[in-house]
Structures are given as structure tokens and as C-alpha cells.
Amino acid sequence: MAPILQSSQPWVEKYRPKKVKDVAHQDEVVRVLTNTLETANCPHMLFYGPPGIGKTTTALAIAHQLFGPELYKSRVLELNASDDRGINVVRTKIKNFAAVAVGSGQHQGSYPCPPFKIIILDEADSMTEDAQNALRRTMETYSKVTRFFFICNYISRIIEPLASRCAKFRFKSLSEEIMSSRILHICDEEGLTLDEEALSTLSSVSQGDLRRAITYLQGAARLFGSSISSKDLINVSGVIPQEVVGALYAACKSGDFDLANKEVNNVIYEGYPVSQMLNQLFEVVVEADDISDEQKARICKTFAEADKCLVDGADEYLQLLDVASSIIRSLCNMPQEFSYEN
């Protein structure tokens, strides 16, 4: 039974670092937290930075290194954005857990087991302002027996009274070299073959998110076997092939609306998400050397408007067609507003 469970385990969990010192690239954070673990006296902590770079892993590693497997379940409360974390949960579940005192001197082998509990609030920036405000008093009242670990992508969404009560740790985006070394390690462990082009593609499509890169790698391994190509990773990731993006942009540059409409229809018929197409078109436009900054600004403004409409539930075909026509007008220096009377 054990081998089946092992083989079906997500690689994100299988290769998640178990100790703080194993977290990749976050050297300053690791150094400070390693010293903190030696004294076993943690302050309230706030981890912030882009997704998939080790914030949750670090928080879980600290908790495991402090309490070990036996006391972990009774000493640590994890709440994610998928849990209800409104003001009522703060007043009941969180407050009740925080209020319970724990005994000291419960050393378990090499684990220090300090006399406090830990509450990990993952994706804390999605908590309502009322819920965050309700936490202020709880943090102060039970600070002797409970520590809070806040994890978020955007520190600006954490109210200042909470942020000021925490030691802040900024997690940096992972470089391509760090991601590649970690991916190659997993490939060696799993018996996979990944060439230089595929490795570069994986770094590109995952955009610095190591968790996403590992998930794409596992998906490609399940679908295509041990030898994985760049094309396989693009298929798994849902990224639109560059030739499709290039064809739409070339049609817009030609100034031929009918040709652009044909390419838009092709995108829709192939089932590519228009929001993804906007992201990739944005990269093409920004990196283009043959159009002016003013033209780029007008086109990017159109991307923003279309993206907002898509979020509000607008029709994908009409939004992409509107973007294509706006690119044509911008590149051909046509007026942005025109009358249909002519």
C-alpha cells in the first residue's frame, strides 16, 4: 500500500523542504530564522513575496522543527484562504485555540517544544479588514502562549496595526539558475530527461514560481513519459504557442482587419484563454523595438480595459477582436475614436 501512496503523492509535497536551512535562495531569511530556532523564541512573523517561492514551506518547517511530529497537531493551527476566516472565525476558532495555555519543559528528543502554540494564517491578505482588526487584541492578549505566522503575497493588504506587531520577512523571486538546479535535482530523482530548451521553457512558463514549475513537470511526466520536450511543457502549462501569438500580432501589424479577425477566430476555436493571450501579447508589444512608446502605451491601455471586461464576464471573442482592432489603429496611427457613418 505504501508504494502506491508514494507514487501518487504530488511532487510539490514530496520535494517540499522539511527544514528551514533547505529552503532555496532565501539566504537572509534562512539565516535569521535558523538563529531564532536555536533560541526557540519566535516573535509573531509576517512572510510576504510572490507565490511559489517558499513562504508556506518555511512556516511549516519552523513549526515542525520546534515541535516535532508528535506535538505538531496539538500545537499548530493552519488556516488557508479556502477556510472561512471572517470575523466570526477569528472570534471563535482562532481565539479559542490561542487562549489555551500549554505546559513547558516538554522536550521531545531534539525538538525544543517551547511553551507556546503557533497559528499559521496562509494567504492572510485575503482576510477582510474587520477580521484583521479583530486579530489585534487576540495577538496582544495571548502573546505569551500563542505566536501568529501571517503569509501573504501583498503586504500592502495587511493592515498596519497587524504588520507592526510582526517581524517581517521578504521572500525574493527565484532566479532561473536556482529553479533550474532544483528542477534538475527532481529529474535525477525521478529518472527524467530534460534538455536545455525544455529547462528554459519550464522556467519561462512558470514565471519564477517553483511550485508551478514542479507541478508542470509532474504533469508532463505523467502524460509524455521520461523524456520531456519543450513542446510537451507548453502543452501541459496551457501557455499559447508563440507562433499563434505571433500570427495574431503579425495580422494586426499588416493593418488588414479581415486577416486579424481570422486569427482571432482561430484563437477562439482552438479554445485558448483570451486572458492568457492578452498576457503574451503584452510581452510581445513591450519588447517590440519597431513601435514607439506612445503606441505601446495606447495598446497596453486597451489590454487593461479588455482584461477588466473579461473579469466582469464579457464575451471573449468580442474583447479579443476589440484588442486586435485597437492594435491595428495604434500601429497604423489611425484615430482611436472613429465614426461608423463613413
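All of the points below concern the structure found in this document. Treat the numbers as computed from the prediction; the structure is a model and nothing was measured.

**Notes on the overall build of the protein chain**
When helices and strands are tallied, the protein chain shows 16 helices and 7 strands. Each principal axis of the C-alpha distribution contributes one length, and for the protein chain these read about 85 × 50 × 35 Å. Looking at the protein chain residue by residue over its 342 residues, the buried ones come to 45%. In the protein chain, the share of contacts with a sequence separation of at least 24, taken over all contacts with a separation of at least 6, comes to 73%. Only carbon and sulfur atoms are counted for the fraction: they give 50% of the accessible area of the protein chain, which is about 18100 Å².

**What about the sheet that holds strand β4 (residues 146–152)?**
The strands making up a sheet associate through hydrogen bonds between their backbones, and the pairing can be parallel or antiparallel. Read across the open sheet, the 5 strands follow the order β2-β3-β4-β1-β5; overall the sheet is parallel. Strand pairing shows two members of the sheet lacking a second neighbour, β2 (76–79) and β5 (167–170), which therefore form its edges. Between one strand axis and the next, the sheet turns through 15° on average, direction left out of account. Examined bridge by bridge, β2 and strand β3 (residues 117–121) share 4 bridges and lie parallel to one another. Its bridge partner being in β3, Val-76 is matched across the sheet by Ile-118. Strand contacts of helix α3 (residues 27–39): β1 (45–48) and β5, with the helix running at about 145° to β5, the strand carrying the most contacts. Sitting on the sheet, helix α6 (residues 129–141) is in contact with β3 and β4, with an inclination near 145° to β4.

**Some points on the pairing of β3**
Every other side chain in a regular strand lies on the same face of the sheet, so the side chains alternate between the two faces. Within β3, 5 of the 5 residues are buried, leaving the element largely enclosed by the surrounding structure. Because side chains alternate across β3, one face comprises the buried residues Lys-117, Ile-119 and Leu-121, and the other comprises Ile-118 and Ile-120, equally buried. This β-α-β element, β3 to α6 to β4, shows right-handed connectivity.

**Looking at the environment of Ser-156**
Along the chain, Ser-156 turns up in the loop between β4 and α7 (160–163). You can call Ser-156 exposed: its relative accessible area is 67%. Taking the C-alpha atoms as reference, Ser-156 lies 28 Å from Ala-99; in sequence the two are 57 residues apart.

**Considerations on unusual backbone geometry**
In this structure, Glu-123 is a non-glycine residue whose phi angle is positive, near 50°. Inspection of the secondary structure puts Glu-123 in the loop between β3 and α6. Assessed through its relative accessible area of 35%, Glu-123 is described here as partly exposed.

**With respect to the environment of Tyr-111**
Among the structural elements, Tyr-111 can be located in the loop between α5 (87–99) and β3. The exposure class assigned to Tyr-111 is partly exposed, which follows from its relative accessible area of 29%. Separated by 41 residues in the primary sequence, Tyr-111 and Glu-70 place their C-alpha atoms 10 Å from one another. Apart from residues no more than four positions distant in its own chain, Tyr-111 is found in contact with His-64, Gln-65, Leu-66, Phe-67, Gly-68 and Pro-69.

**Section: the pattern of salt bridges**
Taken as a whole and judged by the stated rule, the model has 8 salt bridges. For Glu-140, the salt bridge identified is with Arg-137, shortest N-O distance 3.5 Å. With Glu-140 and Arg-137 both in helix α6, this residue pair falls 3 residues apart, about one helical turn. Overlapping salt bridges, with partners in common, bring together Arg-137, Glu-140 and Arg-165 in one network.

**A few points about the packing of aromatic side chains**
Evaluation of the coordinates by the stated rule reveals 5 aromatic pairs. Aromatic pair Phe-148 and Phe-150: ring centres 6.0 Å apart, planes at 10°, arrangement stacked. Summarising the burial analysis for this pair, Phe-148 and Phe-150 share the class buried. Just above the ring of Phe-97 sits the side chain of Lys-117; from NZ or CZ to the centre is 5.6 Å.

**Thoughts on the packing of helix α8 (residues 176–190) against helix α10 (residues 210–224)**
Axis separation between α8 and α10 bottoms out at 11 Å; the angle between their running directions is 35°. Crossing of α8 against α10: the hand is right-handed. Here Met-179, Arg-182, Ile-183, Ile-186 and Cys-187 of α8 come into contact with α10, specifically with Leu-210, Ala-213, Ile-214 and Leu-217. When its residues are assigned to classes, the contact of α8 with α10 shows 8 nonpolar, no polar and 1 charged.

**Brief notes about the nonpolar core**
Counting 53 residues, the largest nonpolar core has Ile-62, Ile-183, Leu-194 and Leu-217 as its most contacted members. No other element matches helix α4 (residues 55–75), which puts 9 residues into this core. Setting aside anything within four residues of it in sequence, one finds Ile-183 in contact with Leu-194, Leu-199, Leu-202, Leu-210, Ala-213, Ile-214 and Leu-217. Core analysis: the second largest hydrophobic core is formed by 29 residues, Cys-252, Ala-288, Ala-306 and Val-323 among them.

**Looking at the state of the cysteines**
In the structure shown here, the tally under the stated rule is 0 disulfides. Counting only cysteine sulfurs, Cys-42 is the nearest neighbor of Cys-113, a cysteine outside any disulfide, at a range of 12 Å. Taking relative accessible area as the criterion, Cys-113 reaches 2% and is therefore assigned buried.

Rules behind the numbers
Residues numbered from 1 in each chain as written. Predicted model: local features only at pLDDT ≥ 70, side-chain atom pairs only at ≥ 80, totals over all residues. Heavy atoms only, no water. Helix = DSSP H or I, 4+ residues; strand = E, 2+ residues; numbered from the N terminus. Buried < 20%, exposed > 50% of the residue type's maximum accessible area, 1.4 Å probe, protein only. Contact = heavy atoms within 4.5 Å. Areas by Shrake-Rupley, 256 points an atom, 1.4 Å probe, with all protein chains shown as cover. Pairing = 2+ DSSP bridges. Axes fitted to C-alpha atoms, helices over the stretch in contact; angles between N-to-C directions. Right-handed = clockwise from strand over helix to strand, strands pointing away. Salt bridge = Lys/Arg side-chain N within 4 Å of Asp/Glu carboxyl O. Phe/Tyr/Trp six-rings, centres within 6.5 Å; stacked < 30°, edge-to-face > 60°. Lys NZ or Arg CZ within 6 Å of the ring centre and 35° of its normal. Left-handed = near helix turned anticlockwise from the far one by under 90°. Nonpolar A, V, L, I, M, F, W, Y, C, P; charged D, E, K, R; others polar. Core = buried A, V, L, I, M, F, W, Y, C linked by side-chain atoms within 4.5 Å. Disulfide = S-S within 2.5 Å.

None of the figures reported here should be taken as evidence of function without further support.
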